[in-house]
Amino acid sequence: MVHYLLFLIPLLFVLFCIGIFVFNSYMYKYILSFIITLVIVCISGYLAFMALLGSVIVIDIPISHYIFGDNIRFVIDKLSAWFILVIDITCVTGIWYGGYYMSMYKKQLSNISLHFISYILLLISMIYVVISQHMLVFMIFWEIMAITSFLLVIFVNDKEDVIRSGINYLIQMHIGAAFLVLAFIWSYILSSDFSFDSLSRSFVLVSDMFGGWGSLILFILFFVGFAIKAGFIPLHTWLPYAHPSAPSHISGVMSGVMIKTGIYGIMRVLTYIPEKYTFAIGIFLLIISVVTALYGVIFAIVQHDYKRLLAYHSIENIGIIGIGLGIGTIGVSYHNSMLILLGIGGALLHTLNHSLFKSLLFYTVGSVYTQYHIRLIDRLGAIILKMPFTAFAFLFSALAICGLPPFNGFISEFLIYSGLFNTFFISTNITNIFIFFFSILGLAFVGGLAMLCFTKIFGVMFLGVQRDVSIDTTHVKDVNILIKVLYIFIILIMLSIGIFPQFYLKFVFSIIANMYDIDIYTLNPFIDNHFVVLSNISLSAGIFLLLVLFVYLLKYLLQKGKKISIVPTWGCGFLGYYPKIQYTASSFTKPFVSISQGIFDIKKPDIYGCVLDVFPKKCDTKYETHYYDKIDTQIVIPFISVLKKMFLKIAVFQNGKIQTYILYAVVFILLMLSLIIIIW
Amino acid sequence: MVNILFILLISLIFPGIINKTKAYFGGRKGASILQPTYELFKLIHKGVVYSSSSSIITQITPVIYLAVSLLVICFLYVAYPPLISFTGDFLFVIYLLTLAKFFMIISALDRGSAFEGMGASREALYSMLAEPIIFTLFSVFIFIQGHIISIASIVDVFKDYGFVTLFILISICIMLFLFTLIENSRIPVDDPNTHLELTMVHEVMILDYSGIDLAMMVYGTVLKFVIYGTLIFNLILSYAKHFIILSDIQTIGLFLIIQIVFAVFIGIVESVFARLHMNHNSQFILSVLSIAIIIFITSFITHLHI
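So, how was this worked out
Residues numbered from 1 in each chain as written. Chains lettered and ligands numbered in written order. Predicted model: local features only at pLDDT ≥ 70, side-chain atom pairs only at ≥ 80, totals over all residues. Heavy atoms only, no water. Helix = DSSP H or I, 4+ residues; strand = E, 2+ residues; numbered from the N terminus. Rg over C-alpha atoms; globule rule 2.2 N^0.38 Å. Buried < 20%, exposed > 50% of the residue type's maximum accessible area, 1.4 Å probe, protein only. Contact = heavy atoms within 4.5 Å. Areas by Shrake-Rupley, 256 points an atom, 1.4 Å probe, with all protein chains shown as cover. Lys, Arg positive; Asp, Glu negative; His and termini not counted. Charge placed at Lys NZ, Arg CZ, Asp CG, Glu CD. Phe/Tyr/Trp six-rings, centres within 6.5 Å; stacked < 30°, edge-to-face > 60°. Lys NZ or Arg CZ within 6 Å of the ring centre and 35° of its normal. Salt bridge = Lys/Arg side-chain N within 4 Å of Asp/Glu carboxyl O. Buried area = accessible area lost by both parts, 1.4 Å probe. Patch = residues over 30% accessible without salt bridge, like charges linked within 9 Å, V, L, I, M, F, W, Y side chains within 5 Å. pLDDT = per-residue confidence, 0-100. Arc of directions from axis to C-beta.

On to the overall build of chain B. Broken down by element type, chain B carries nine helices and one strand. For 306 residues, the compact-globule estimate of 2.2 N^0.38 gives 19 Å, and chain B sits close to it at 19 Å. C-alpha extents for chain B along the principal axes are approximately 60 × 40 × 40 Å. In chain B, which comprises 306 residues, the proportion classed as buried is 66%. Sequence-distant contacts in chain B: of pairs separated by 6 or more residues, those separated by 24 or more amount to 80%. Entry remark: accessible area of chain B is about 10,600 Å², with carbon and sulfur atoms responsible for 70%. Seen as two clouds, the 14 positive and the 17 negative side-chain charges of chain B have centres 8 Å apart.

As C-alpha cells, then:
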C-alpha cells in the first residue's frame, strides 16, 4: 500500500535529527537538510498528485481505534493536495535559498542545527495539518507548527526586538489556538465526534439550539482562530513584527505557506456551513477581506523597512484571497456555480501565486541584506548596477504582485474580478449591489495602491544613486549561480501560470467541483467558456511579449549609427550634484500620506519649539516620521499594559526563593490531606 | 486591420489639432496640423543621450510603453471587428496600461534627479486615484448589458434610445473626457506647456529622454488619447445605431469626426481653463470618481434585472 509511504516521513525526521549532529561543518548539515527536504517533498508531492489526478486518498493509522479510542484518519482530498503542493514548492525554494542566506551565520553551528531541525519539522507539521481529519490531531500539528516557526523566527537571538517579536508571535498564535480548541470542543459536545466531517452536523445542531446566532458564533470562533494565523484585520498585529525579525528565507516560507494554512482552515470550515447561513457569512468574509486588503496595502506604503513593507503586503494579499472566498460562499447561497468556481478558483490560484511571488520578493531582499546589512529603504539606491540579477528578479515579482500581465498575479485577479462582476446579476437588493460595487472599487484601489507601493520600493532601493554615501559598497556582489537558478526557476513558474493558465486552472476547477459537488454538466460548459477566455489571455500575453521584442528590434535598427552619449543627469544648471537631492521613499509617498493621514498614528518630533534663532543650535537636526498601526498602538498595546499591571500584583507570589515555593508545596499537600479527611 | 490603420492615421494629426485650436484661441495662426508628426521624424534621426546614473530600465521603458499602446489599439472597434476580443478583455487592457505606467514611474526614479521623482510620486498617486473611475464605467456597461462584456461590445451596450439612456450616454462621455485629461496629464491636472517642475506630472517624467526614446514616449501618449476617443466614439455609435443605419464608410467618417471634435474640445479646455492648485488635484480626481459612482447608481436603478 503506497499510501503508507506517508508514515515514512516522521521516520526520516528522526534519522535527520540524529544525522545532523554527526556532521561538524555547515556545508554538510545544509546538504543533509536539503536532501531530506527533497525526499519529504517528493513523497508528499507524489501522494498529492495521486489525489489530484485520481481519487481521494484515505489513510488510517492502523489499530488506532484500540490504542487511542478513536479512529485517527488522514485524508488527502483534492483541497489538501493543492495545499500540499503549494507547501512543497515553497519549502523547497526556502531551503534552497536558506543555504545561501544562512552562510552568513555559519559559525553558530548549534543554532544552525536547531534551525534546520525546526525547518524540517515545520514542513512536516504543515503537511500533516492539511491532511488531518481528527480535530485533536489537527491541534497537535497546529501547535507544532506554531512552536517550530517561533524557533525559526528568533534565530538572530542576540537582538532584543527579535526576541520580543518572537514572543509576541508565540502568544498571539496561542490565543488563536485557544479559540480553535474552544470551537473544536463545542463541536464535539454537539456531535460527539472528533472528525471534521461531523462539523456539518454540529452546525445544524447548534442552529437548532440557538438559532442562526449559534451557527454564526461557532463560525466566528473558527474564523478568529484561523484568521489570527492568516493575518486578517484586526488580528494581524503579529505579522509586521515577526516577518522582519525572521531570516529572509523563513519570512518567505512563513508568508508564502504558513499563513495559507489559516486560509486552508477557513476553506475547510466553509464547506460544512449549512446553506441558509452562507450568504451572511459570505458577505461578512467579503467586507472584512476588502478592509484587510486596503488596510494592508495602505500601511505597506508608509514603511521605511523593506521587510516590514513586504509583511504588510502579505496582509493585503490575504485580503484578496478572502474576497475570492467571500464571493464563492455567496455563490453557494445562490446555487450559482459560476460564482463558486470563479471566486474560490481565484482564491486557490492566488494562494499559489502569492506563495511564489512573495517568497521570491523576500529572497531577493534577503540577498540585498546579505550584501548591505541595511534594512532601511531610504539609505539604499542603485542596487541594479551592482546586483542586476537580483534587481530583475525583484522587478518581475513586483510586476506579478501588482497583478500586471503577463505574470500570474493578473490571472488570479482576473478570476476574482470576473466573480465580482458576476455578482451584480444574482440579487436585486440595493444593499447587496452596493456591497459588491464597493468591493470592486476597493479591489481597484488596492491594485493602484500596490503599484504605488512597489514603484516606490523598486525605484528607491534599486534605481537612482546610492542615497547614503557613508555606506561602503565596494564588496557588494550579486548572488551565486545556484541562487540565480532559483530565481529563474520561480520566475519561469510565474510566467507559465501567466501565459498558460489553462493547465493550472484545470486542476483548480476540478478541486472546487469536488469540494462543492458541482456536477459535470455544469462544470464542462463553464470550463469550455472560460478556457476560450483564458486562451485569449495567453494569446494576448504572448503577442505582447512578441510586440515588445519587435519594437525593441525596431528601436535597435533605427538607432544604429546614431550617436549615443552618456552624461551626468541634467540638473537645471545646478552643477553640485549630491545624492541627497534625489527623491527618497518618504518623499515619494508624501502626496499619498497627505490625503490619508487619519488612518495612521503619526509620531513626528516637535521641532517648532526648537527654532528660536536663525540657526537652531539647541536641538537635534534629525527629523524622523514614524507611522504606527492604530490597531497596534491603541488597542493591543494598551490592553497588554493593563494585563501586565494586573499580573504584576499577582507576581508577588513569585519571588524566586526556593524556600517560599517549598512552603507553597507543603501548604498545598496539607490542604489536600485535610480535604480528603473531611470528605471521608 | 483597417481599424488599426485608421487609428494610426488619426493619431498623426491628433496633437496637431489640439495645438491649432489653442493657437486660434490665442489669436495666432499656429503651426501646421502635421507639425508634431514632423517633430517625431526629426527625433528618430537624432542621437540619444543617457544619464550616467541610469540603468537598462531607461532603455526598455519606451519600448514597453509603445508596445502596450500598440497592443491596446488591437482591441478597439472602429468599423470592423477588432483583431483580439474576448469577454473581460477590458481588465487585460486596463492592467496593460497600468504596466506601462509602472515602467514609466520607475524609469523616472532611475535617473537620480530631483525633478523626476516629483513627477513620479504625483503620477503614482493620481493614477491610483483614477483607476476606480474606469472600473466604475465598465461596471455601468456590464450592468446595462447583463453579462461581462468585451471592449468591442461597447458598440452594442445601449439597448434603447430613451431619455435615461441619453443621460447616461452624455454623462459617461463627459466622464471619459475628464478621465482622459487625468490619465494623460492635461489641464486641469497638469500643464503640458510649462516645463516648470512645480507644475509637472507627466512631462517631467520624460525630461531625460531624447531621440528615438522620446519619440516612442510621445507617440505612445498620443495613441492613448486616440484610444479613449475611440471609446467615446463606440458609445455614441451604440446610441446612434438606434436612429440610423450607417455603412462602413459612414462609420469611419463618424469616427474621424468624433476624434477631431474630441481634439478640439481638449484644445478648448486647455485654452479656457487654468491648471488646478497641485494640492487640489486629488480632490478633483475623487470628485470625478464620485460623479462616476452617481452614474452607476442611476444605471443600476433604471436597469435592475428582475
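Attention shifts here to the overall build of chain A. Of the regular secondary structure elements, chain A holds 25 helices and five strands. For 680 residues, the compact-globule estimate of 2.2 N^0.38 gives 26 Å, and the C-alpha radius of gyration of chain A, at 27 Å, lies within 12% of that figure. Its C-alpha atoms give chain A principal-axis dimensions of about 100 × 75 × 60 Å. In chain A, 80% of the contacts between residues at least 6 apart in sequence involve partners at least 24 apart. Carbon and sulfur atoms make up 71% of the accessible area of chain A, which totals about 28,100 Å². Charge-centre separation for chain A: the mean point of 39 positive side chains lies 11 Å from the mean point of 29 negative side chains.

It is worth spelling out the packing of aromatic side chains at this point. The geometry of an aromatic ring pair is captured by the separation of the ring centres together with the interplanar angle, meaning the angle of the planes. If you walk through the whole model with that rule in mind, you get 77 aromatic pairs over all chains. The aromatic ring of Trp 142 of chain A is capped on one face by Lys 229 of chain A, whose charged end is 5.2 Å from the ring centroid. Its guanidinium or amino end placed over the ring of Tyr 209 of chain B, Arg 111 of chain B lies 4.7 Å from that ring's centre, counting from NZ or CZ.

Okay, the pattern of salt bridges next. In the structure shown here, the tally under the stated rule is 13 salt bridges over all chains. Its salt-bridge partner being Arg 375 of chain A, residue Asp 305 of chain A comes within 3.1 Å of it at the nearest N-O pair. With Asp 305 of chain A in the loop between α12 (278-301) and α13 (306-333) and Arg 375 of chain A in the loop between α14 (337-372) and α15 (383-386), this residue pair connects regions lying 70 residues apart in the sequence. Here Glu 123 of chain B makes a salt bridge to Lys 101 of chain B, at a shortest N to O gap of 3.4 Å. Of this pair, Glu 123 of chain B sits in helix α5 (residues 114-145) while Lys 101 of chain B sits in helix α4 (residues 89-110), placing them 22 residues apart in sequence. Among the ionic contacts, a cluster of salt bridges with common partners joins Lys 22, Arg 186 and Glu 270 of chain B.

Here we take up the interface of chain B and chain A. Each partner contributes residues to the interface: chain B has 81 residues there, and chain A has 76 residues. Of the roughly 6,900 Å² buried between chain B and chain A on both sides combined, carbon and sulfur atoms contribute 80%. Taken together, chain B and chain A are joined by one salt bridge. Across the pair Lys 555 of chain A and Asp 213 of chain B runs a salt bridge whose closest N-O atoms are separated by 2.9 Å.

Looking now at the environment of Gly 598 of chain A. Mapped onto the elements, Gly 598 of chain A comes out in the loop between α23 (590-595) and β4 (601-603). Residues Gly 598 of chain A and Lys 630 of chain A, spaced 32 residues apart in sequence, show a C-alpha to C-alpha distance of 9.9 Å.

Residue and element names in this part refer to chain A. A cluster of nonpolar side chains, Leu 663, Val 667, Phe 668, Ile 669, Leu 671, Met 672, Leu 673, Leu 675, Ile 676, Ile 679 and Trp 680, forms an exposed patch at the surface whose accessible area comes to about 1,200 Å². The topology assignment puts Trp 680 in the segment after α25 (658-679). Given the relative accessible area of 86%, Trp 680 is considered exposed.

Here chain A shows a mean pLDDT of 88. Residues at 70 or above account for 97%. Within chain A, the lowest mean pLDDT, 71, falls on helix α3 (residues 64-68) of chain A, and the highest, 94, falls on helix α16 (residues 388-401) of chain A.

This paragraph deals with unusual backbone geometry. With an omega dihedral of -5°, the bond running from Ile 233 of chain A to Pro 234 of chain A counts as a cis peptide bond. Counting through the fold element by element, Pro 234 of chain A comes out in the loop between α9 (212-230) and α10 (239-245). Across the junction of Ile 187 of chain B and Pro 188 of chain B, the peptide omega takes the value 10°, indicating a cis bond. Relative to the assigned elements, Pro 188 of chain B resides in the loop between α6 (163-183) and α7 (211-240). A positive phi angle is found at His 373 of chain A, which is not glycine, with a value near 55°. By the secondary structure assignment, His 373 of chain A is in the loop between α14 and α15. Although it is not a glycine, Ser 185 of chain B adopts a positive phi angle of roughly 55°. With respect to the helices and strands, Ser 185 of chain B occurs in the loop between α6 and α7. Note on Ser 185 of chain B: relative accessible area 3%, which makes it buried.

This part covers helix α2 (residues 35-45) of chain B. Residues of α2 of chain B that are buried include every one of Pro 36, Thr 37, Leu 40 and Leu 43 of chain B, and no others. Each buried residue of α2 of chain B lies within a common arc of 115° when the element is viewed along its axis, so the set occupies one face.

Note that Gln 172 of chain A resides in helix α7 (residues 160-191). In this view, Gln 172 of chain A contacts Ile 228, Leu 235, Thr 237 and Trp 238 of chain A; residues no more than four positions away in its chain are not counted.

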